[in-house]
Amino acid sequence: MAQSKTPSPIEFEPPYPGYVFSHQHLLGIADLSPHDITHLLDRAHEAVSVSRQVEKKKVTLRGRTQINLFFESSTRTQSSFELAGKRLGADVMNMSVGSSSVKKGETLIDTAMTLNAMQPDLLVVRHHSAGAAELLAQKVGCSVINAGDGAHEHPTQALLDALTIRRHLGSVERQTVAICGDILHSRVARSNIILLNALGARVRVIAPSTLLPSGIERLGVEVFNRMEDGLPGCDVVMMLRLQRERMEGALIPSVREYFHYFGLDAKKLKMANPNALVMHPGPMNRGVEISSEVADGAQSVIQVQVEMGVALRMAVIETLIETSDRLSQKRSHRSAV
Ligand code: NCD
């Protein structure tokens, strides 16, 4: 592990000649080109070493303010955004907004306008409604990162998953990835499907038909209803949490039966390729979608995903702030002439 006392800036080369990242916000993977994705992954790869240094703090965002606005509970995502901002030298404020009786739209816009008046440079938002981050981006003057909006997108999770795959398997291209479980309620699944397809992976989903959104094939996935059919030939097995808080009515017969058919245990994992990576975005329900033996086993990269989350978020924050600075410089140059 590289140990150095002086933190160096994240060094990176743009992946393609003449390429410029041009997004001020990160609202979804669907807005990004394969070049944008590769650029963020390259930069995040370089950022990993910053967190492994003795002194982890950079100064590139000194004097900048990042506000984390979480309308839904979160452990890993919120803390990793907080650490990422702090390691870049920004001032980070966490606002955990419990769900209130005020109508969703009103709460979000009112809060956004209040925060906007405090002149932040970056807002990181998680909300239970799809499209919330986009709405916010239209109302505020700073960069916005979507940290999960309903069952729509969770772009930084998909990017950190791709970074994990790339660092373990060399590339995302041509890997066969199975995303298993509660696809219906999962923004992680949606963002991953779009990203993995953009980078040339083969994507499968494995789930009972009650947990699959209709028309999922249109996103470019192969659909399986049995682990036995979908796991053979897989290089990566990505398990998803059963999101019971989003379920209306009984979509699964019982947790016991769900684990029997769709839970990843050592026996089912043997059906995938030898040394296939086991991933999970967390939080895990042990004994529901994954056994402890597999979650803590030799093929699991679940803790690596958490480490990559910080690096990836550092890269995203730095890139968006730089882009936003560049765009506002252009705007003030134009108004001066
Ligand atoms: C995911 C989320 O919130 O969408 N978790 C995460 O960000 N690490 C998945 C989940 O809640 O199951």
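Report follows, based on the coordinates. (Residues numbered from 1 in each chain as written. Predicted model: local features only at pLDDT ≥ 70, side-chain atom pairs only at ≥ 80, totals over all residues. Heavy atoms only, no water.)

Attention shifts here to the nonpolar core. Counting residues in each nonpolar core, the largest one holds 87 residues, and the members touching the most others are I145, L159, I179, I183, L264 and I317. It is helix α11 (residues 302–336) that contributes the most residues to this core, 11 residues altogether. Setting aside residues no more than four positions away along its own chain, L264 makes contact with M227, L231, V237, M239, F259, L269, V278, E289, I290, S291 and V294. With 17 residues, the next largest nonpolar core counts L27, L108, A112 and C142 among its residues. (Core = buried A, V, L, I, M, F, W, Y, C linked by side-chain atoms within 4.5 Å. Buried < 20%, exposed > 50% of the residue type's maximum accessible area, 1.4 Å probe, protein only. Helix = DSSP H or I, 4+ residues; strand = E, 2+ residues; numbered from the N terminus. Contact = heavy atoms within 4.5 Å.)

What follows deals with the sheet that holds strand β9 (residues 277–279). Taking strand neighbours across the sheet as the criterion, the five strands line up as β7-β6-β5-β8-β9 in an open arrangement whose pairing is parallel. Bordering the open sheet on either side are β7 (222–224) and β9, each of which pairs with just one other strand. Sheet twist, expressed as the average angle between the axes of neighbouring strands with direction ignored, equals 20 degrees. (Pairing = 2+ DSSP bridges. Axes fitted to C-alpha atoms, helices over the stretch in contact; angles between N-to-C directions.)

This part takes up empty space enclosed by the protein. For the structure shown, the criterion picks out one cavity of 30 Å³ or more. Of the pockets and cavities examined, the largest cavity occupies roughly 90 Å³. If one sorts the elements of the lining of the largest cavity by residue count, α11 sits on top with five residues. (1 Å grid on protein atoms, 1.4 Å probe; cavity = no way out; pocket = protein on both sides within 12 Å on 5 of 7 lines; lining within 4 Å. Points joined across faces, edges and corners; volume = space filled by probe spheres on them.)

So, on to the site of the ligand. Lining the immediate surroundings of the ligand are T77, R126, H154, Q157, R187, V188, R241, Q243, P281, G282 and P283. A distance of 3.0 Å separates a nitrogen atom of the ligand from a polar atom in the backbone of P281. Relative to its unbound accessible area of 320 Å², the ligand is 94% covered by the protein chains. In this structure, the ligand is accommodated by the largest pocket. Among the residues making up the shell around the ligand, the classes are represented as three nonpolar, five polar and three charged. (Near = heavy atom within 4 Å. Polar contact = N/O pair within 3.5 Å; in protein donor to acceptor, adjacent residues only side chain to side chain. Areas by Shrake-Rupley, 256 points an atom, 1.4 Å probe, with all protein chains shown as cover. Sits in = over half its atoms within 2 Å of the grid points. Nonpolar A, V, L, I, M, F, W, Y, C, P; charged D, E, K, R; others polar.)

On to the layout of surface pockets, then. In this model, the largest pocket occupies a volume close to 410 Å³. In terms of lining residues, the largest pocket is bounded by 20 residues, among which R126, R187, R241, G282 and P283 are the most central. Every element with two or more residues in the lining of the largest pocket is listed here: α2 (76–87) and α6 (187–198). For the lining of the largest pocket, the per-class residue count stands at four nonpolar, nine polar and seven charged.

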